[in-house]
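Spelled out from the first residue to the last, the chains are:
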Amino acid sequence: MADAADDANELAQQHIDQLLNNRQRGPRLRPCGECHNPLCGNELDDDRALFCGAECSMEWEKRNG
Ligand SMILES: [Zn+2]
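About the criteria used
- Position numbers for residues count from 1 along each chain, tracking the sequence in the order it is written.
- Selection of residues for local features in this predicted model requires a pLDDT of at least 70, selection of side-chain atom pairs for listing and counting requires 80 or more, and totals for whole chains, interfaces and linings are taken over all residues.
- Processing note: side-chain calculations cover all non-hydrogen atoms of the structure and skip hydrogens and water entirely.
- A run of H or I in DSSP counts as a helix once it spans at least four residues, and a run of E counts as a strand once it spans at least two, with each numbered from the N terminus.
- Relative accessibility under 20% of the residue-type maximum defines a buried residue, over 50% an exposed one, and the middle range a partly exposed one, all with a 1.4 Å probe and only protein chains included.
- Contacts are assigned to residue pairs with any non-hydrogen atoms lying within 4.5 Å of each other.
- Per-residue and other accessible areas follow the Shrake-Rupley method at a 1.4 Å probe size, with only the shown protein chains counted as cover for residues.
- Counted as donors are N, O and S atoms no farther than 2.8 Å from the metal, or 3.2 Å for Na, K and Ca; water is not among the atoms, and sites may therefore look incomplete.
- When four donors show all angles between 85 and 135 degrees the site is tetrahedral, when four or six donors have opposite pairs over 155 degrees and all other angles between 65 and 115 it is square planar or octahedral respectively, and in every other case it is irregular.
- Note that the arc is defined by the directions from the helix axis to the C-beta atoms.
- Any carboxyl oxygen of Asp or Glu that lies within 4 Å of a side-chain nitrogen of Lys or Arg is treated as forming a salt bridge with it.

K.L.:
Help me out: how do you make sense of the overall build of the protein in this one?
P.N.:
The helix and strand tally for the protein stands at two helices and zero strands. In the protein, which comprises 65 residues, the proportion classed as buried is 15%. Taking all contacts inside the protein whose residues are at least 6 apart in sequence as the whole, residues at least 24 apart take part in 16%. By element, 48% of the accessible surface of the protein is carried by carbon and sulfur atoms, the whole surface being about 5700 Å².

K.L.:
Would you take a moment to explain the side chain of Asn37 for this structure?
P.N.:
Of note, Asn37 is situated in the loop between helix 1 (4–25) and helix 2 (54–64). The exposure class of Asn37 is buried, given its relative accessible area of 6%. Filtering out sequence-adjacent residues up to four positions away, Asn37 remains in contact with Phe51, Cys56 and Glu59.

K.L.:
When you look at the coordination of the zinc ion in this model, what are you seeing that I'm missing?
P.N.:
For a metal with four donors in a tetrahedral arrangement, the ideal angle between donors is 109.5 degrees, while six donors in an octahedron ideally sit at 90 or 180 degrees. Looking at the zinc ion, the protein donor atoms are Cys35 (SG), Cys40 (SG), Cys52 (SG) and Cys56 (SG), and they sit 2.3 Å from it. Note that the zinc ion binds four donor atoms; their angles at the metal cover 101 to 119°, and the shape is tetrahedral. Of note, the donors binding the zinc ion are all from one chain and are spaced C-x4-C-x11-C-x3-C. Here the residue Cys35 occupies a position in the loop between helix 1 and helix 2, and Cys52 occupies one in the loop between helix 1 and helix 2, the gap between them amounting to 17 residues.

K.L.:
Would you mind going over helix 2 with me for this structure?
P.N.:
Residues three or four positions apart in an α-helix share a direction because the helix packs 3.6 residues into each turn. For helix 2, every residue scored as buried is listed here: Cys56, Ser57, Glu59 and Trp60. Each buried residue of helix 2 sits inside an arc of 160° when the element is viewed along its axis, so together they form one side. With respect to the buried face of helix 2, the exposed residues turned more than 90 degrees away are Ala54, Glu55, Met58 and Lys62.

K.L.:
I would appreciate a short explanation of the pattern of salt bridges in the present structure.
P.N.:
Two side chains of opposite charge can pair, provided their charged atoms sit close to one another. Evaluation of the coordinates by the stated rule reveals three salt bridges. Notably, a salt bridge pairs Arg63 with Glu59, separated by 2.9 Å at the nearest N-O pair. Taken together, the residues span about one helical turn, with Arg63 and Glu59 both in helix 2 at a distance of four residues. Among the residues examined, Glu59 registers a relative accessible area of 18% and is labelled buried. One salt-bridge network, held together by shared partners, links Glu59, Lys62 and Arg63.

What follows is the structure in structure tokens.
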């Protein structure tokens, strides 16, 4: 018994799934202890981190996305 709200939720979920799939198709990064932004290169305390901050993440996506 699906109503309109359920349909909307399902569409939204499909949209999110698509976004995630597109992301996973891009180049894969592995944590290396350094920020992956070539303009930055900071050492990272968290050895699972890819970037030291959102700005570096966005810079990388601009170059590689
Ligand atoms: Zn950085």
